[in-house]
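# Structural overview for review
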Amino acid sequence: MRQSQLLMPTLREAPSEAEAISHRLMLRAGLIRQLAAGIYTYLPTGRRVLRKLEKIIREEMDNAGCQEVFMPAMQPADLWRQSGRYEKYGPELVRLKDRHDREFALGPTHEEVITDLVRGEINSYRQLPVTLYQIQTKFRDEKRPRYGLLRGREFLMKDAYSFDKDWEGLHESYQRMYDAYHRIFSRCGLRFRPVEADAGTIGGEGGTHEFMALADIGEDTIAVCDRCQYAANLEKAGYRIPETAISTEESDAYPEPEKIHTPNIRTIDELVQALDASADKMLKTLLFIADGNPVAVIVRGDHEVNEIKLAGLLQADMLELADQETTERLTGAAIGFAGPIGLSIPVIVDYSAADIGSAIAGANESDYHWKHVRPGVHFEMTRLGDVRNAVPGDGCPNCDEGKLRMFRGIEVKQVFKLGTKYSEVMQANYLDAAGSEKPIIMGCYGIGISRVMSAVVEQHHDEQGIRWPLELAPYQVHVVPVSAKDALQMDVAGKLYEELGAAGFDVLLDDRDERPGVKFKDSDLIGVPVRIVVGRQAADGMVELIYRIGGEDLQVSTEEALKLVR
Ligand code: ATP
Ligand code: MG
Ligand code: MG
Ligand code: MG
């Protein structure tokens, strides 16, 4: 692309009402413009970034075996009444009427529409499992749209929905998506942490994780243990800690938890009862406590990225009592109970019980390490209050030794195990192999694409502007002749532009007749990863290679520049 023809209106200053760095930089770099509060136009360069993000997401979704669909934004209110959410969703739901006075909503999310589709098209176990996704505009009349694309009223989301025969299948689908998200965010260069979270309006009985991009502007507060893998979103517990107490550095120490607590429950029935009871009291935010510590145990998952997986324990003798169905019930109840309070979850397993283990997410995976339990600890429930009022430095609710640290995070994605929440009320059933009718087990998985774009800018910038990670950069190489009046410079730059373009790179050529200072400022601002400056030394066949993403500037020959870029 020739910059002289590109609609990329860069600004010296951002409008003063733009608070978030990403918002300011995206306005200044000419990526977006506001139409109304929380509603934005993507200019050509912004659109390019968005498309690159979509491409990464599509690739990873397709690799994970998902199929892309495209659902309507305009949805009949009746469908929302069937799920019970028409009223429940509140003023965030954009409602409208057609000319016949029929009520509609603009989709803030698509559980209803997809469940309606699936109940019509899927009726046999042979058609399951299946995971469908779309990339689509969502509408939410947010009370406080702000921070540019971080909290819009019209925004782009990738939402995926899995449909399985049973919970075991759901755990597998969930894990597949969870893993795909790790790859997506890693490719975007996003530093993130999965945390346990609240089920919100979407609900479901199965539990949920959020992926939080760490950034000071984040509206959520994450409590992270400095010793074990405990990490939770405290915001949903309605709790804000003082700004000054929040750490802005990253925590990447995740030593393995050493101590494990367990309830002193003697029979499976007792445990089922306890978990069932707590599930009933979801909103009362209960927490299992043993010896003053939660019973919940988080066992390590993927070491590479320190993700959190659910696991837990039970005395070995109890495992013998548990059949698969009981185990699934326990898992469901336990997760359902702990999800909304955003805390660790007591779940059930022992390394010796492969058959039972396989009923639980990842339990049959080889890198899981189940631990035996210290028996005889008193089991009781208590209120979450203690944890919610925690301040940095307080003891971790999950392990004995750890201290809590607090971070700000942006929720970039959430995954839910919905279970039968929608399939039951909307009658999305299938016939199993024995011919009996069962509700389909669902999961849903949402990435805020436009929010991710902002989150990436929050994490990748400096004083001068954006520093796009390679895979998201609107252009990969920026060729900048210092003087448009210098025929030789323009000639060398033009050739580089052609050659790199032919080699498959996205190249931007600054062919504008502007002062060098202006060109360089813009180049820094828009943050293309590699810049080739063609200056006076072009006469000697030399150019300058500057890496916006870090690294030393190099004086090289044009041939070498081409080689290095490639
Ligand atoms: P939040 O807690 O920030 O309001 P949410 O929990 O309501 O988000 P979900 O319903 O879980 O959001 O939607 C899935 C994803 O969509 C979120 O993880 C987030 O990345 C994105 N998202 C949600 N609301 C917005 C918004 N107003 N603007 C941009 N992205 C959003
Ligand atoms: Mg919301
Ligand atoms: Mg949220
Ligand atoms: Mg959410």
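Residues numbered from 1 in each chain as written. Chains lettered and ligands numbered in written order. Predicted model: local features only at pLDDT ≥ 70, side-chain atom pairs only at ≥ 80, totals over all residues.

What the 5 strands build is an open sheet, ordered 25-24-26-27-28; its pairing is mixed. The two strands at the open ends of the sheet, each matched to only one other strand, are strand 25 (507-509) and strand 28 (554-557). On average, adjacent strands in this sheet sit at an angle of 25° to one another, irrespective of strand direction. By the bridge criterion, 4 bridges tie strand 27 (residues 542-547) to strand 28 in an arrangement that is antiparallel. Pairing of Met542 across the sheet is with Ser557, part of strand 28. Packing against the sheet, helix 14 (residues 487-502) makes contact with strand 24 (477-481), strand 25 and strand 26 (530-534), and its axis sits at approximately 165° to strand 24. (Pairing = 2+ DSSP bridges. Helix = DSSP H or I, 4+ residues; strand = E, 2+ residues; numbered from the N terminus. Axes fitted to C-alpha atoms, helices over the stretch in contact; angles between N-to-C directions. Contact = placed C-beta atoms within 7 Å.)

With that out of the way, let us pick up the confidence of the model for the protein. Low-confidence regions, as indicated by low pLDDT, have predicted coordinates that should not be scrutinised in detail. Residues of the protein with pLDDT of at least 70 account for 69%, and the chain-wide mean is 75. Confidence over residues 236-269 falls short of pLDDT 50; this stretch has 84 contacts with residues more than four positions distant or in other chains. Across residues 326-388, where pLDDT falls below 50, the model places 194 contacts with residues more than four positions away in sequence or in other chains. Of the two predicted TM-score estimates for the complex, the pTM is 0.75 and the ipTM is 0.98. (pLDDT = per-residue confidence, 0-100.)

Before going further, it helps to examine the site of ligand 1. Close contacts around ligand 1 come from 17 residues, with Phe155, Gln414, Gly446, Gly448 and Arg451 the closest. Looking at the shell around ligand 1 element by element, the count peaks at 4 residues for strand 18 (residues 404-419). Partitioning the shell around ligand 1 into residue classes produces 4 nonpolar, 7 polar and 6 charged. (Near = placed C-beta within 6 Å. Nonpolar A, V, L, I, M, F, W, Y, C, P; charged D, E, K, R; others polar.)

In terms of burial, helix 13 (residues 449-459) is largely enclosed, as 11 of its 11 residues are buried. For helix 13, the set of buried residues is Ile449, Ser450, Arg451, Val452, Met453, Ser454, Ala455, Val456, Val457, Glu458 and Gln459. (Buried ≥ 20, exposed ≤ 12 C-beta atoms within 10 Å, placed from the backbone.)

Quick look at the sheet that holds strand 5 (residues 94-97) now. Taken in spatial order, the 3 strands make up an open sheet running 4-6-5, and their pairing is antiparallel. At either end of the open sheet lies a strand with only one pairing partner, and these are strand 4 (74-76) and strand 5. Going across the sheet, the axis of each strand differs from the next one's by a mean of 40°, ignoring polarity. Pairing of strand 5 with strand 6 (residues 103-106) involves 4 bridges; the strand directions are antiparallel. Paired with Lys97 across the two strands is Glu103, which belongs to strand 6.

Right, let's get into the environment of Ile222. Within the secondary structure layout, Ile222 lies in strand 11 (residues 220-225). Sequence separation between Ile222 and Phe70 is 152 residues; the distance between their C-alpha atoms is 34 Å.

With that settled, consider the packing of helix 1 (residues 21-28) against helix 13. In contact at an axis separation of 8 Å, helix 1 and helix 13 are set at 100° when each is read in the N-to-C sense. Taken together, the axis directions place helix 1 and helix 13 in an arrangement best described as roughly perpendicular. When helix 1 is examined against helix 13, the residues Ile21, Ser22, Leu25 and Met26 are found in contact with a partner set consisting of Ser454, Val457 and Glu458. Here the contact of helix 1 with helix 13 is built from residues that sort into 4 nonpolar, 2 polar and 1 charged. (Parallel < 35°, antiparallel > 145°, perpendicular 65-115°, else oblique.)

For strand 9 (residues 192-196), the tally of buried residues reaches 5 of 5 residues, placing the bulk of the element in the interior. With burial as the criterion, each face of strand 9 is covered, one bearing Phe192, Pro194 and Glu196 and the other bearing Arg193 and Val195.

Look at the link from Leu128 to Pro129: it is a cis peptide, with omega at 0°. Tracing the backbone shows Pro129 in the loop between helix 5 (111-121) and strand 7 (130-139). In this structure, Tyr147 takes a positive phi of about 60° despite not being glycine. By the element assignment, Tyr147 lies in the loop between strand 7 and strand 8 (154-164). Its 23 C-beta neighbours within 10 Å are what place Tyr147 among the buried residues. The backbone of Gln427 shows a phi angle near 55°, a positive value even though the residue is not glycine. Position of Gln427 relative to the elements: it lies in the loop between helix 12 (421-425) and strand 19 (429-431). The exposure class of Gln427 is partly exposed, given the 13 C-beta atoms found within 10 Å.

Take the packing of helix 2 (residues 44-63) against helix 13 next. Running from amino to carboxyl end, helix 2 crosses helix 13 at an angle of 110°, the nearest separation of the two axes being 10 Å. Between helix 2 and helix 13, the crossing angle belongs to the class labelled roughly perpendicular. The handedness of the crossing between helix 2 and helix 13 is right-handed. Where helix 2 approaches helix 13, its residues Val49, Leu50, Leu53, Glu54 and Ile57 are matched on the opposing element by Ile449, Val452 and Met453. (Left-handed = near helix turned anticlockwise from the far one by under 90°.)

This part is about helix 15 (residues 516-526). Burial in helix 15 covers these residues: Lys519, Asp522, Ser523, Asp524 and Ile526. Here the buried face of helix 15 lies against helix 2, strand 23 (465-466), strand 24 and strand 26.

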